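Observations on the model geometry
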Amino acid sequence: MPVRKNRVRKSRVRKILTSLAALFILLSLACSLPFTTGPTPAPSQALNPNELPGQPATANQSATTNQQASTKLAPELIESQPPPGAEISLQGPITLYFNQAMQNASVEAALSTAPQVPANLAWQDDQTLTITPQQPLAPDRALTIRVATSARSIQGLQLSQPISLTYRTAGFLKLAHALPDPGSREIDPGAAILAAFDQPVVAAGDEAQSAPAAFQLDPGAQGRGEWLNSSTYAFYPDPPLQGGITYTVRLDSNLHSAGGGPFQGAAQWAFNTAAPGVVSLQPMAGEGPIPLDIPLVLSFNQPMDHQSGEARFSLTGPTRPLAGLSFLHPPGDGTPFRPRKLLALPQ
């Protein structure tokens, strides 16, 4: 019995030692494995050389898409000068601006006007076309410029829609206001004469010296004329016009507006200047007593011719005309005279 018990104990010790050895091996294997604290990182993706670090790929793709799309845009008219609906000069020109280079021949073939107008076509570059009428356009008319969709860009793309631009040509030039009023009478001979038109006649920047006179007077008169602005002409007579005379203002038959519109309407008007007359006398009639050597002053309504005025002046005393008068002519319209001897006392 003692022998059997010893064998059993030895068998148990072997099992325990074997288990410990196996446990030791497992622990050793566990220590040799790599140590990690999180999930294994995903493999990195290659960076697109066209992308900036941190920039989403969709932004670059969008830019690329837009660039590709822009090269395929249909040609369009982006501007015209003058703009549609504007009043244009009878000489033109009209300029069209496209959004890309165009096939010149295809645009010219697609171009038409209503009414039909012969015109010169000039390309400033492949995107800019200027249309100039070969002859002045008719005044106060509608003009439409059309470009059909057959016009192509240099990439071969057609217009997405036809172009239609409508303008109004410059109208006739008309007299808007005249001074003095036509048919007026008793006009101050020194007053200015004006003609105001319904649209500009002198283009902006023109010098007054180079601009033509708007009218002439009949009978003729000396003086100075000038354009007060682009549509108003004034004439200042110097010396004043003759009194009691009918003057006719004749407009220049070649007058036209800055846009080329010819003059239409009455080409002349007339007025009458005031006749010479005395407006005051010093001393006044009935005034007295007065000094025997007092100067007498006559004031007229306009400058007078001294020689004719003196020849027609007379002063009558109690019994006969008084002779030996001395005349003075100060600045202004007064004509004083002083007797060379004392006036006679009343009887």
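Fair warning: this is a prediction, and the values are worked out from it, not measured in the lab. (Residues numbered from 1 in each chain as written. Predicted model: local features only at pLDDT ≥ 70, side-chain atom pairs only at ≥ 80, totals over all residues. Heavy atoms only, no water.)

**Quick notes on the packing of aromatic side chains**
The relation between two aromatic rings is expressed through the spacing of the ring centres and the mutual angle of the planes. In this structure the tally under the stated criterion is six aromatic pairs. Residues F197 and W227 carry aromatic rings whose centres are separated by 6.3 Å and whose planes lie at 40° to one another, so their mutual orientation is tilted. Residue F197 is found in strand β10 (residues 193–197), and its partner W227 is found in strand β12 (residues 223–229); the two are separated by 30 residues along the sequence. Taken individually, F197 and W227 each receive the classification buried, so the pair is uniform in this respect. Pairing F215 with Y233 gives two aromatic rings, centres 5.2 Å apart and planes at 85°, and the pair type is edge-to-face. Highlighted residues: F215 in strand β11 (residues 215–218) and Y233 in strand β13 (residues 232–237), separated in sequence by 18 residues. Of the two residues examined, F215 and Y233, each falls in the buried class. These aromatic residues form a ring-pair network of at least three members: F197, F215, W227, Y233, F263 and W269. (Phe/Tyr/Trp six-rings, centres within 6.5 Å; stacked < 30°, edge-to-face > 60°. Helix = DSSP H or I, 4+ residues; strand = E, 2+ residues; numbered from the N terminus. Buried < 20%, exposed > 50% of the residue type's maximum accessible area, 1.4 Å probe, protein only.)

**Let's talk about the sheet that holds strand β5 (residues 119–125)**
Spatial strand order, β1-β3-β6-β5: four strands in an open sheet with antiparallel pairing. One side of each edge strand has no neighbouring strand; the edge strands of this open sheet are β1 (77–81) and β5. Each neighbouring strand pair of the sheet contributes to a mean axis angle of 20°, computed without reference to strand direction. Bridge count for strand β3 (residues 94–98) against strand β6 (residues 128–133) is four bridges, and the pairing is antiparallel. Counterpart to Y97 in the pairing with β6 is T128. (Pairing = 2+ DSSP bridges. Axes fitted to C-alpha atoms, helices over the stretch in contact; angles between N-to-C directions.)

**Here we look at the pattern of salt bridges**
Proximity of charged atoms lets side chains of opposite charge pair with each other. The final tally for this structure, using the stated rule, is three salt bridges. In this structure, R168 and D140 form a salt bridge, with 3.4 Å as the shortest nitrogen-oxygen distance. Residue R168 is found in strand β8 (residues 163–169), and its partner D140 is found in the loop between β6 and β7 (142–147); the two are separated by 28 residues along the sequence. For R168, a relative accessible area of 38% corresponds to the partly exposed category. Judged by its relative accessible area of 39%, D140 falls in the partly exposed class. Ionic pairing is found between R224 and E226, a salt bridge with its closest N-O pair at 3.4 Å. (Salt bridge = Lys/Arg side-chain N within 4 Å of Asp/Glu carboxyl O.)

**Points about unusual backbone geometry**
Note the cis peptide between A114 and P115, where omega equals -5°. Position of P115 relative to the elements: it lies in the loop between β4 (111–114) and β5. Cis geometry is adopted by the peptide bond preceding P219, which originates at D218 and carries an omega value of 0°. Following the sequence through the fold, P219 ends up in the loop between β11 and β12. Residue D140 is not a glycine yet carries a positive backbone phi of 55°. The phi dihedral of E186 falls on the positive side, at around 55°, and the residue is not glycine. With relative accessibility at 55%, the residue E186 sits in the exposed group.

**Thoughts on the confidence of the model for the chain**
For the chain, the average pLDDT comes to 79, and 70% of its residues sit at 70 or higher. Confidence drops under pLDDT 50 across residues 1–5; counting only partners more than four residues distant or on other chains, this segment forms zero contacts. With pLDDT under 50 throughout, residues 33–55 is counted as low confidence; its partners more than four residues away or in other chains account for four contacts. (pLDDT = per-residue confidence, 0-100. Contact = heavy atoms within 4.5 Å.)

**As for the environment of T132**
Mapping T132 onto the fold places it in strand β6. In sequence terms T132 and Q91 are 41 residues apart; their C-alpha atoms lie 7.2 Å from each other. Not counting residues up to four positions away in its chain, the partners in contact with T132 are Q91, P93, A119 and N120.

**Section: the side chain of T273**
Positionally, T273 belongs in the loop between β15 (268–272) and β16 (278–282). One polar contact links the side chain of T273 to the main-chain carbonyl oxygen of Q242, over a distance of 2.6 Å. Reaching out from T273, the side chain makes a polar contact with the backbone nitrogen of G244 at a distance of 3.0 Å. Each residue touching T273, except ones within four places of it in the same chain, is listed here: E186, I187, P189, L241, Q242, G243, G244, I245 and Y247. (Polar contact = N/O pair within 3.5 Å; in protein donor to acceptor, adjacent residues only side chain to side chain.)

**Describing the sheet that holds β11**
Spatial ordering of the open sheet is given by β11-β14-β15, a layout of three strands whose pairing is antiparallel. The sheet terminates laterally at β11 and β15, the two strands that pair on one side only. In this sheet, neighbouring strand axes are inclined to one another by 20° on average, regardless of whether the strands run parallel or antiparallel.

**Here's the deal with the pairing of β13**
Counting buried positions over the six residues of β13 gives five, a clear majority of the element. Two strands pair when backbone bridges link them, and β10 and β13 are joined in this way by four bridges, in the antiparallel orientation. Note on β13: the bridge partner recorded for L194 is A234. Where β12 lies against β13, six bridges are found, and the strand directions are antiparallel. Bridge pairing links N229 to T232 in β13. In this structure, the hairpin formed by β12 and β13 is closed by a connection of two residues.

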